[in-house]
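Structural features, examined
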Amino acid sequence: MKMKMKTTIMVCLVLFVASCSKEPFEEEAITIPEAQNAVTVEQALMKIVNDHRISLGYNTLEYSAVAQEYADEHTDYMIAKGSLSHDNFSSRASGVSAEVNAEFVAENVAKDYSDASGAFQGWLESSSHKKTMEGEFTHSAVSVKKAANGKLYFTQLFFR
């Protein structure tokens, strides 16, 4: 017997470059020294997003290893391409949905921020990215990787 799976896909697209503010969103924002690794930046960004959600009365997002895998692959892809993109998002969303039975998947991407606070602030100042961060999601993962030129690339996947 075949089962049909309904998948709704949302794509949020805004490119962040020099025009976005790189100021922390609050005095206690987490800043990451350049010497620390990308995993620390990933953890910091997940904490900042969850702290923001809590401040608004929303649930925190649980970490998802499945979302991490797809986010990492996409971050690698953007680095190889040398630019931000939501290329192949429907494939990522379908993959996440198939593995964890997610009904809704979204993502935010960014590059050229030196820390988690900068990426968060850029997303917060974009209505579509803000809507995603504040959306009705239950799980998430953040991928942050450094390109050969030293620039950081960010992918955060969300699902419920």
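Residues numbered from 1 in each chain as written. Predicted model: local features only at pLDDT ≥ 70, side-chain atom pairs only at ≥ 80, totals over all residues. Heavy atoms only, no water.

Quick notes on the confidence of the model for the protein chain
In this model, the protein chain carries an average pLDDT of 83, and 78% of its residues clear a pLDDT of 70 or more. Segment residues 1-35 is flagged for pLDDT under 50; beyond a separation of four residues in sequence, or across chains, it makes 71 contacts in the model. (pLDDT = per-residue confidence, 0-100. Contact = heavy atoms within 4.5 Å.)

Let's talk about the nonpolar core
With 23 residues, the main nonpolar core has Leu-45, Val-49, Phe-120, Met-133 and Phe-154 as its most contacted residues. Among the elements that line this core, the one with the most residues is helix α1 (residues 38-55), at six residues. Core analysis: the next-biggest nonpolar cluster, separate from the first, contains 12 residues, Val-96, Ala-102, Leu-157 and Phe-159 among them. (Core = buried A, V, L, I, M, F, W, Y, C linked by side-chain atoms within 4.5 Å. Buried < 20%, exposed > 50% of the residue type's maximum accessible area, 1.4 Å probe, protein only. Helix = DSSP H or I, 4+ residues; strand = E, 2+ residues; numbered from the N terminus.)

Observations concerning the pairing of strand β4 (residues 139-146)
Relative to β4, strand β2 (residues 62-63) runs parallel, the two being bridged by two bridges. Across the sheet, residue Glu-62 finds its bridge partner in β4, namely His-139. Pairing of β4 with strand β5 (residues 152-159) involves eight bridges; the strand directions are antiparallel. Looking at the pairing, Ser-143 lines up with Thr-155 of β5. (Pairing = 2+ DSSP bridges.)

Examining the packing of aromatic side chains
Think of a pair of aromatic rings as described by two things: how far the centres are apart, and how the planes are tilted against each other in angle. For the structure on display, the rule yields two aromatic pairs. Taking 5.7 Å as the distance between ring centres and 20 degrees as the angle between the ring planes, the aromatic pair formed by Phe-104 and Phe-137 counts as stacked. In this pair, Phe-104 sits in strand β3 (residues 104-111) while Phe-137 sits in the loop between α5 (127-133) and β4, placing the two residues 33 residues apart along the sequence. With 5.5 Å between their ring centres and 40 degrees between their planes, Phe-137 and Phe-158 make a pair best called tilted. Here Phe-137, found in the loop between α5 and β4, pairs with Phe-158, found in strand β5; they are 21 residues apart in sequence, far enough to count as distant. The exposure class of Phe-137 is buried, given its relative accessible area of 2%. (Phe/Tyr/Trp six-rings, centres within 6.5 Å; stacked < 30°, edge-to-face > 60°.)

A short note on the packing of α1 against helix α4 (residues 116-124)
Where α1 meets α4, the closest approach of the two axes is 8 Å, and the angle between their N-to-C directions is 40 degrees. Taken as axis vectors, α1 and α4 run oblique relative to one another. Note on packing geometry: the crossing formed by α1 with α4 is right-handed. Mapping the contact onto sequence places Val-41, Ala-44, Leu-45, Ile-48, Val-49 and His-52 in α1 and Ala-116, Ser-117, Ala-119, Phe-120, Trp-123 and Leu-124 in α4. Partitioned by chemical class, the residues of the contact of α1 with α4 number 10 nonpolar, two polar and no charged. (Axes fitted to C-alpha atoms, helices over the stretch in contact; angles between N-to-C directions. Parallel < 35°, antiparallel > 145°, perpendicular 65-115°, else oblique. Left-handed = near helix turned anticlockwise from the far one by under 90°. Nonpolar A, V, L, I, M, F, W, Y, C, P; charged D, E, K, R; others polar.)

Some remarks on the side chain of Ser-143
Following the sequence through the fold, Ser-143 ends up in strand β4. Under the relative-accessibility criterion, Ser-143 is labelled buried at 0%. Separated by 2.9 Å, the side chains of Ser-143 and Thr-75 make a polar contact. Once residues within four sequence positions are removed from consideration, Ser-143 is found in contact with Glu-42, Gln-68, Ala-71, Asp-72, Thr-75, Tyr-153, Phe-154 and Thr-155. (Polar contact = N/O pair within 3.5 Å; in protein donor to acceptor, adjacent residues only side chain to side chain.)

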